[in-house]
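Chain residues, written in single-letter form:
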Amino acid sequence: MHLSQDIKPISYLKTKTADIINSVNENQRTIIITQNGEAKAVVQDIKTYENLQNSLNLLKLIVQSENDIENNNTTKQEKMFDTLEDKLFG
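Per an unreviewed UniProt entry, the chain goes by the name Antitoxin and belongs to Poseidonibacter ostreae. In the Function (unreviewed entry) part of its UniProt record, the chain is described as follows: "Antitoxin component of a type II toxin-antitoxin (TA) system." Quoted verbatim from the Sequence similarities (unreviewed entry) field of the UniProt record, the comment on the chain reads "Belongs to the phD/YefM antitoxin family."

Engineer: It is not clear to me how a nonpolar patch on the surface should be interpreted in this structure. Could you clarify?
Structural biologist: A contiguous nonpolar patch, built from L52, L56, L58, L59, L61 and I62 and spanning about 550 Å² of accessible area, is present on the exposed surface. Position of L59 relative to the elements: it lies in helix 4 (residues 46–70).

Engineer: What should I look at first to understand unusual backbone geometry in this one?
Structural biologist: The phi torsion of most residues other than glycine is negative, and most of the peptide bonds are trans. One non-glycine residue, Q28, lies in the positive phi region at around 55°. Checked against the element boundaries, Q28 lands in the loop between helix 3 (17–27) and strand 2 (31–35). At N36, a position not held by glycine, the phi torsion is positive, near 55°. Residue classification places N36 among the exposed residues on the basis of a relative accessible area of 77%.

Engineer: Honestly, helix 4 in this entry has me stumped. Any pointers?
Structural biologist: Three- or four-residue spacings in an α-helix give side chains the same orientation, since the helix completes a turn every 3.6 residues. The end-to-end C-alpha separation of helix 4 is 36 Å, in line with the 36 Å expected for 25 residues at 1.5 Å each. Two or three places before K47, at the start of helix 4, stands the capping residue D45, its side-chain oxygen 3.3 Å from that residue's backbone nitrogen. Among the residues trailing helix 4, N72 stands out with phi positive, at a value near 55°.

Engineer: Before we go on, may I ask you to explain the packing of aromatic side chains in this structure?
Structural biologist: Working definition: an aromatic ring pair is given by the centre-to-centre distance plus the angle between the planes. This structure, assessed with the given rule, holds zero aromatic pairs. A cation over an aromatic ring shows up here: K8 above the ring of Y12, its NZ or CZ 4.9 Å from the ring centre.

Engineer: What am I meant to see in the pairing of strand 2 here?
Structural biologist: Here strand 2 lies mainly inside the structure; four of its five residues are buried. Alignment of strand 1 (residues 7–9) against strand 2, held across three bridges, turns out to be parallel. Bridging from a neighbouring strand, P9 pairs with T34 of strand 2. Bridge count for strand 2 against strand 3 (residues 38–43) is five bridges, and the pairing is antiparallel. What sits directly across from Q35, in strand 3, is E38. What sits between the antiparallel neighbours strand 2 and strand 3 is a turn of two residues, in which N36 has the positive phi angle 55°.

What counts and what doesn't
- Residues numbered from 1 in each chain as written.
- Predicted model: local features only at pLDDT ≥ 70, side-chain atom pairs only at ≥ 80, totals over all residues.
- Heavy atoms only, no water.
- UniProt positions renumbered as here; feature names shortened; annotations may be inferred.
- Patch = residues over 30% accessible without salt bridge, like charges linked within 9 Å, V, L, I, M, F, W, Y side chains within 5 Å.
- Areas by Shrake-Rupley, 256 points an atom, 1.4 Å probe, with all protein chains shown as cover.
- Salt bridge = Lys/Arg side-chain N within 4 Å of Asp/Glu carboxyl O.
- Helix = DSSP H or I, 4+ residues; strand = E, 2+ residues; numbered from the N terminus.
- Buried < 20%, exposed > 50% of the residue type's maximum accessible area, 1.4 Å probe, protein only.
- Expected span 1.5 Å × (residues − 1).
- Polar contact = N/O pair within 3.5 Å; in protein donor to acceptor, adjacent residues only side chain to side chain.
- Phe/Tyr/Trp six-rings, centres within 6.5 Å; stacked < 30°, edge-to-face > 60°.
- Lys NZ or Arg CZ within 6 Å of the ring centre and 35° of its normal.
- Pairing = 2+ DSSP bridges.

Right, dumping it as structure tokens:
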């Protein structure tokens with residue numbers, strides 16, 4: 001992160017919105033918007049946002065899987081494939 005380039009006051013956002021949008025799309029770097037000297041918002045390109053959401057969803061699945069293993073809430077592989085085959089091919 002290049003703090004001098006990636007942190008902008010809200011007044012900059014108001015006057016240079018199109019420039020900020022173009023910048024985040026070109027270099028895929030997140031811009032932090034400040035208000036009264038405090039970080040208040042983030043502007044990022046859609047692809048970076050989607051990747052972040054996909055990563056978070058994958059981490060949630062991993063945590064759920066770990067919880068299932070700890071609680072002995074598992075299914076034998078053969079049984080799972082048999083059930084899946086029945087559902088798909090009836």
